[in-house]
Amino acid sequence: MDRFLFLTVDGLTHGAVYSAFALALVLIWRGTRIVNFAQGVLAVATSYLAYTVTGRSGSYWLGFLAALLAGLVLGAVVERLVMHRVAGAPPLNAVIVALGLVLVVQGVLGMIYGNQYLPFPAPFDRSAMTVGGVPLVSRFDLFVFGTVVLLMIVLALLFTRTAIGLRMRAAAFAPSVARLLGVRVGRMLTLGWALAALVGALAGMLVIPTGLGLHPTAMDTVFVSAFTAVVVGGLDSPAGAVVGGMLVGLVLSYVAGYLGAGTAPLAVLALLVVVLLVRPAGLFSGPQARRV
Amino acid sequence: MTGWLHSCRRTSVPTLARHLIGVAVAAVALLGLTYVLDPFHDYQLATAAAYLCAAAGLTVLIGQNGQLSLGHGALMAVGAYTLAMVQNQFGDHGVIAQWTVVVSLAAGVVTATLAGTVIGLAAARLRGPYLAGLTLVVAIALPAVTTVFSGVFHGDQGMSVFLPPVPDQLGVDFPMERWQAWLAVAAALLTLLALANLVRGRFGRSMRAIRDNEVAASVAGIPVARVQVVAFVVSAACAGLGGGMFAVLAQSVSPDAFTLTLSLNLLLAVVVGGSGSLAGAVWGSLLLVLLRYWADQLTGGLALSAGLRTRLAGNLPLAVFGLLLIVVMMAAPGGVQGLLSRAGRWVGGRLIRRPSHRAEVPAPDAEPPAPVVSHS
Amino acid sequence: MSDLLEVEGLTAGYHGVPVLHGIDLRVPAGTICAVLGANGAGKTTLLRALSGLIRPSTGRIAFDGADLGDLATERLVRRGIGHVPEGRGVIAELTVEENLMLGGAWRLGWAGVWGAARAGLRRDVAEVYQLFPPLAARRRQPGHQLSGGERQMLALGRALVGRPRLLLLDEPSLGLAPRVVAQTMALLRQLCEQTRLTVLLVEQNVRSALSIADQGVVMSLGRVVAAGDARRLADDADLRHAYLGF
């Protein structure tokens, strides 16, 4: 029972990060109908920057801030320089370009930092505090939770309560109408990518300390989990992404805890296949969404 | 050497015969080439041919059928591990003969076909990014099988592959690399032959019809789901053969040879060569090998510290591959073969000076390599 | 009287194929100009060219005395050109209120999340609710739940929130009950007289369009074949038979 509780907390913590990462995928999907396969490597790139900044300055939080800012800039640059140019092309072209980006970023990071795992610090103690005699949750877990919840509140407010959020949604739902209403659609899409990359960067900062360390492929499995979360929840649904992320986090935690850590990737695959076969439209989105 | 695949003009020779002649000519030419090349370059030729087996199948899937798979690297692993295990069984039982390689390659093709059927069925209803995502998960998850069942697959270490030595009839000095090149080239040519016929036939038309307009295809009575699955299975079989050849070349198998990066390399070969074009797959596979070689030459020629050199060794080609993928996608979605056919048409137009009949000059009936997907 | 909109020799089309051939048009401020003609006459294309959705190949468009040149749609909106497109363009996923706010959201810029600009926008939206009370009752409902008439109100109201000086209306009467059409037309007339709004009204419903218009333009195959006072056009029997079908 103790172990179950521990695994549940662990699953929810990882699930929170998957939720955030999945949310970033949804953000871009809704705006541009592109699944951003490069999101994982972009988050890795910003984490490497944080690593360098923290190493040079000695301050974790300076690195943290640098990663978020870099995410914002990187997202905008990628959209303007690359993704923007394949926006009108067939959907596979955007996927392929994003995959090209994966290779470029992984290659460049490998050239700069090498392909060994670098130790990546956590800002808070990662050892679990005991609650009622049971080692349950660490300070870092609480930090992760708090950050993700805060992020979600901020995003929800941004999109539902501000004029810029309203314009971003309009640009995503109906770009041609939005233009007629004076919305600078191109700018909104760039902003969407920037925001998504920022969220991705944040997720990277939260998840990499819990893994093997920093590596050019460190976010591959996180991307896979988040993609599964998005498919579970429906690519068009932010709420679905959050619930899906939590669900994937829990499933992975139980599977890894009871069947051995190596089985987690296979569990993701199995989960994905089952969802696609049983409920292909996702749990939260309309029936027509899947055939793209 | 493979211009025949796409430059077949209107002739009276039946398609199959024309393809057979092409394969025979290419086989003879390549056979000669292996004697010219030194063992190192023979091995590179063999590597390109092994890539080609898988890339040719993938280009049909992506370019002719519009399905993007990132799981073909994993399917190659299936073929490779099967070959390794069957081959080692032969070795353990003292069966040492050349036919064992054919048998275990066939076994690799069979298991990859089975795996491809499972994935293809699960993916039959998926399109675009969903299919890419599912196959991406396959690519990342499947190597975990080797760790989970490390008793069978020996985890991260992988295992070595028992191979019969070079046939005695070829002489004592005959290098192993040349023999491997023969095997790989034979596999690649057979793959091309089979796929060329498939693409030319009714099944090819069905695939393209679905790629161009799925609704219209299904209205026209094409069994969309079945064609999609079969196309996936066919390309999985090719990946299995390519993976088996990989194991034959390396004489070992390990999970880190079949990562997502391998799938992305295959994608690069397909896209750079010209998606949907078998000739393009040839260019792409050659390029994969050559780019690595050039990158090694470049970093080897510069005065670099040892640490920097190791960092550049694997990563420079990776970055170049990615850049190439992006640039080709944005600038020339038809790939090398697309550019070649355009150049060919231009030169042809110049050489055949019949200005008064220009409008009547028939367009080459070889269809231009399909852009990755030219439909919306 | 100065002309708010001046169009001279406008040629435009799609993919290099011209649809409009040398259109000339002048609309004085505070008036309604009806653009009439059969399907395929180029009416919608004219509106699209005026709001920057397609680029004219030749010709000149001047708005309030200034040449519009190659300005993008988003900029034309800021100059005061509002366009209610074919099919009305109600964004189905946004609520009625969000659709309305969006009409003037461009005025808020980057910073205007709270503050005076936002309050001004709220006032404009409140005015639309007064103009169209049914919308007020449905302010929290998503656009896809509205009836055809309500969508029309929403589209028109949303355009008005943008405070346009020139309003381009594409077939506002399409699919609406005659009573609603009459109300809409009367409202347009009223707006023009009270706020000096200028309207370019594309209509199939010739009678009701000419009933409120000051002047009319008849198009056929991308050319202006007749233009002039609305009443005179309505009385010209030959013209009616040849181009307007009543």
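All of these numbers come straight from a predicted model, not from anything done at the bench.

1. Some details on the overall build of chain A
Right, on to step 1. Scanning chain A for helices and strands turns up eleven helices and two strands.
Right, on to step 2. Counting from the amino terminus, helix and strand elements in chain A follow one another as α-α-α-α-β-β-α-α-α-α-α-α-α.
Right, on to step 3. A compact globule built from 292 residues would reach a C-alpha radius of gyration of about 19 Å, and chain A, at 19 Å, matches this within 12%.
Right, on to step 4. Principal-axis analysis of the C-alpha atoms places the extent of chain A at approximately 60 × 50 × 35 Å.
Right, on to step 5. Taking all 292 residues of chain A together, the buried fraction comes to 57%.
Right, on to step 6. Restricting the contact set of chain A to residue pairs at least 6 apart, pairs at least 24 apart contribute 71%.

2. Section: the pairing of strand β7 (residues 166-170) of chain C
Residues and elements named next belong to chain C.
Right, on to step 1. Counting buried positions along β7 yields five of five residues, so the element is predominantly enclosed.
Right, on to step 2. Here β7 shows a buried face lined by L166, L168 and D170 and a second buried face lined by L167 and L169.
Right, on to step 3. Pairing between strand β6 (residues 81-84) and β7: four bridges, direction parallel. When the bridges of β7 are listed, I81 appears paired with L166.
Right, on to step 4. Two strands pair when backbone bridges link them, and β7 and strand β8 (residues 198-202) are joined in this way by five bridges, in the parallel orientation. Across the sheet, residue L167 finds its bridge partner in β8, namely V199.
Right, on to step 5. The β-α-β motif built from β7, the intervening helix α7 (residues 178-195) and the parallel element β8 has right-handed crossover chirality.

3. Topic: unusual backbone geometry
Trans peptide bonds make up the majority, and among non-glycine residues the majority have a negative phi.
Right, on to step 1. The backbone of R33 of chain A shows a phi angle near 55 degrees, a positive value even though the residue is not glycine.
Right, on to step 2. By the element assignment, R33 of chain A lies in the loop between α1 (2-32) and α2 (39-57).
Right, on to step 3. Residue classification places R33 of chain A among the partly exposed residues on the basis of 16 C-beta atoms within 10 Å.
Right, on to step 4. In this model, R196 of chain C sits at a positive phi of 55 degrees, which is unusual for a non-glycine residue.
Right, on to step 5. Structurally, the position occupied by R196 of chain C is in the loop between α7 and β8.
Right, on to step 6. We classify R196 of chain C as exposed; it has 12 C-beta atoms within 10 Å.

4. Here's the deal with helix α3 (residues 96-105) of chain C
Right, on to step 1. Burial analysis of α3 of chain C places nine of its ten residues in the buried class, which makes it a mostly covered element.
Right, on to step 2. Within the span of α3 of chain C, buried status applies to V96, E98, N99, L100, M101, L102, G103, G104 and A105 of chain C.

About the thresholds
Residues numbered from 1 in each chain as written. Chains lettered and ligands numbered in written order. Predicted model: local features only at pLDDT ≥ 70, side-chain atom pairs only at ≥ 80, totals over all residues. Helix = DSSP H or I, 4+ residues; strand = E, 2+ residues; numbered from the N terminus. Rg over C-alpha atoms; globule rule 2.2 N^0.38 Å. Buried ≥ 20, exposed ≤ 12 C-beta atoms within 10 Å, placed from the backbone. Contact = placed C-beta atoms within 7 Å. Pairing = 2+ DSSP bridges. Right-handed = clockwise from strand over helix to strand, strands pointing away.

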